[in-house]
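# Observations on the model geometry
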Amino acid sequence: MRNSFAITGAHVVPVSAPAFDGGAVVVEDGRITAVGPDVTPPPGVTVVDAAGAWLVPGFVESHGHVGIHEEANGEAGNDTNEMTGPNMAGVRAIDAIDIDDEGFRDALAGGITSIVVKPGSGNPIGGQTVAIKTWGGRTVDEQLISDSVSIKSALGENPKRVYGGKGQTPSTRLGVAKIIRDAFVEAQNYRAARDAAAAKGEPFARDLSKEALVRVLDGELVLDQHTHRHDDIATAIRLSEEFGYRLVVNHGTEAHKIASLLAEKDIPVIYGPLFTSRSKVELRDRGIPNLATIAAAGVRVAITTDAPVVPIGMLVDQATAAVKEGLPAQTALEALTVNPAEFLGFGDRVGRLAEGYDADLVLWDGDPLDATSRATRVWIDGKPVFTWADGVGATTPRW
């Protein structure tokens, strides 16, 4: 069978189950078929001796712009925001991803095997996100995990600045919220008219933006809400409850101030980036210890680099910094793996070492949360995609 092997001799960290030494993780046709301290490799299968290295699931970057905001290509490589209108729900990140962006190689070196690529935060409604593997396809379509993840939306200073600078709505927080509210009301009306036409067997003119927002209303897609300040987070909650959609807070700089409310309502937070300055008023209360406070309140958390804002390979370094500031190590690992995969809707495929899951595996030469540890071997869907040896990282050729 292709992409089949077994890893033995590792310190195995499944994340969602207790860690163990010895045993084996068995991969067949790119999927994990067995994992445990008492597992032995099937006869005839290739065996990789981990020699005591740590084996963990590939990390998940839950909020990035890799491939649509390319490294070192300037404006020519920046397709993050379609800022020709405040409601761009119809645009799709997948249509702008350059899979040869250097950021994907950096991701592999940092043990990241999955990423949710999102449009930017210049618009109140920025467009459709996509979850992909970070390597392995001839095209982005061959790296697809799911194109049914979320719609990116933004509150606060970014859309205010963009459209206020053009002298058009929205130029205030009031206007930003109205744009979002109007868009969902129009989507409700569109859905009703569409269903009525279908019941009568009548033709109906499609609208891609309204269709996308109907999917949010129907629970198929999450609303990924860019929001920093506590009052903007409160607006995000208000809107989500008004229209009944699933909400994930992105950034959450002041989420610690209302963490108990977020926990009560089971609203997850993708926190970060952590390694940035207080570059604007919304980041005045930015602090790495805030993540521990949010998690301690019972909020499910993930961690983001917002790459390329922070280099994507530093995702685990941010987690390490958060542990230093009080985040439990187990919570940090969950924030890099199972948490984002689950609350963004593809937790049945990635984020843990378990039977039936994609064989997205990373060997580290020590505890990944130790700043001196390095990812030495990476597999995606059971295919070797990265190795580190003799001071050099090598990526398996794509083409």
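Just so you know, these numbers come straight off a predicted model, no measurement behind them.

Of the regular secondary structure elements, the protein holds ten helices and 21 strands. Once the C-alpha set of the protein is aligned to its principal axes, its extents read approximately 65 × 55 × 40 Å. Burial statistics for the protein: of 399 residues in total, 55% are counted as buried. Contacts spanning at least 24 positions in sequence make up 67% of the contacts within the protein whose residues lie at least 6 apart. Accessible surface, the protein: about 15700 Å² in total, of which carbon and sulfur atoms supply 49%.

Among the nonpolar cores identified, the biggest contains 81 residues, and I97, F184 and L262 are the most heavily contacted of them. Among the elements that make up this core, the one with the highest residue count is helix α3 (residues 173–200) (six residues). If near-sequence neighbours (up to four positions away) are discounted, I97 is found in contact with G67, I68, F104, V117, V130, I132 and V140.

Take the layout of surface pockets next. The computed volume of the largest pocket comes to approximately 610 Å³. Lining the largest pocket we find 33 residues, and of these S121, N158, K280, D306 and V309 sit closest to its centre. Broken down by element, the lining of the largest pocket gets its largest block of residues, three residues, from helix α2 (residues 157–164). Counted by class, the lining of the largest pocket contains nine nonpolar, 18 polar and six charged residues.

Now for the sheet that holds strand β11 (residues 130–133). Spatial strand order, β8-β9-β11-β12: four strands in an open sheet with mixed pairing. With one partner strand each, in any of the chains shown, β8 (59–64) and β12 (144–146) form the two edges of the open sheet. Ignoring which end each strand starts from, the neighbouring axes of this sheet average 25° apart. Here two bridges tie β11 to β12, and the two strands are oriented antiparallel to one another. Bridging from a neighbouring strand, I132 pairs with L144 of β12.

This part covers empty space enclosed by the protein. Under the definition given, this model contains one cavity of 30 Å³ or more. Of the volumes computed, that of the largest cavity is approximately 40 Å³. Lining of the largest cavity is provided by P57, G58, T113, S114, R349, V350, G351, R352, D358 and D360. When grouped by side-chain class, the residues that make up the lining of the largest cavity number two nonpolar, four polar and four charged.

Those residues of helix α9 (residues 329–336) that fall on the buried side of the exposure criterion are T331, A332, L333, A335 and L336. Against β8, α7 (289–296), β17 (301–303), α8 (315–324) and α10 (338–343) lie the buried residues of α9.

Time to look at the sheet that holds strand β21 (residues 392–395). The seven strands are arranged β3-β2-β7-β18-β19-β20-β21 in an open sheet whose pairing can be described as mixed. Where the open sheet ends on each side, the last strands, each with one partner, are β3 (20–21) and β21. The sheet contact formed by strand β7 (residues 54–57) and strand β18 (residues 361–364) spans four bridges and is antiparallel. Its bridge partner lying in β18, W54 is registered against W364.

Turning our eyes to something else, we now look at the pattern of salt bridges. One pass over the full model with this rule turns up 28 salt bridges. R105 is the partner of E102 in a salt bridge, and the nearest nitrogen-oxygen pair spans 3.2 Å. Within this pair, E102 and its partner R105 are both found in helix α1 (residues 102–109), separated by three residues, close to a single helical turn. Accessibility expressed as a relative area gives 42% for E102, which makes it partly exposed. Ionic pairing is found between E254 and K257, a salt bridge with its closest N-O pair at 3.5 Å.

The next thing to look at is unusual backbone geometry. Note that the residue after G272, namely P273, is joined by a cis bond; omega there is 5°. Relative to the assigned elements, P273 resides in the loop between β16 (269–271) and α7. Backbone torsion omega between A307 and P308 reads 10°, so that peptide bond is classified as cis. Turning to its location among the elements, P308 is positioned in the loop between β17 and α8. A positive phi angle, close to 50°, is found at D29, a residue other than glycine. For D29, a relative accessible area of 47% puts it in the partly exposed group. We note that H251 has phi near 85°; this positive angle belongs to a residue other than glycine. Along the chain, H251 turns up in strand β15 (residues 247–251). Since its relative accessible area comes to 4%, H251 is described here as buried.

Calculation rules
- Residues numbered from 1 in each chain as written.
- Predicted model: local features only at pLDDT ≥ 70, side-chain atom pairs only at ≥ 80, totals over all residues.
- Heavy atoms only, no water.
- Helix = DSSP H or I, 4+ residues; strand = E, 2+ residues; numbered from the N terminus.
- Buried < 20%, exposed > 50% of the residue type's maximum accessible area, 1.4 Å probe, protein only.
- Contact = heavy atoms within 4.5 Å.
- Areas by Shrake-Rupley, 256 points an atom, 1.4 Å probe, with all protein chains shown as cover.
- Core = buried A, V, L, I, M, F, W, Y, C linked by side-chain atoms within 4.5 Å.
- 1 Å grid on protein atoms, 1.4 Å probe; cavity = no way out; pocket = protein on both sides within 12 Å on 5 of 7 lines; lining within 4 Å.
- Points joined across faces, edges and corners; volume = space filled by probe spheres on them.
- Nonpolar A, V, L, I, M, F, W, Y, C, P; charged D, E, K, R; others polar.
- Pairing = 2+ DSSP bridges.
- Axes fitted to C-alpha atoms, helices over the stretch in contact; angles between N-to-C directions.
- Salt bridge = Lys/Arg side-chain N within 4 Å of Asp/Glu carboxyl O.

Shape descriptors only; they carry no functional weight alone.
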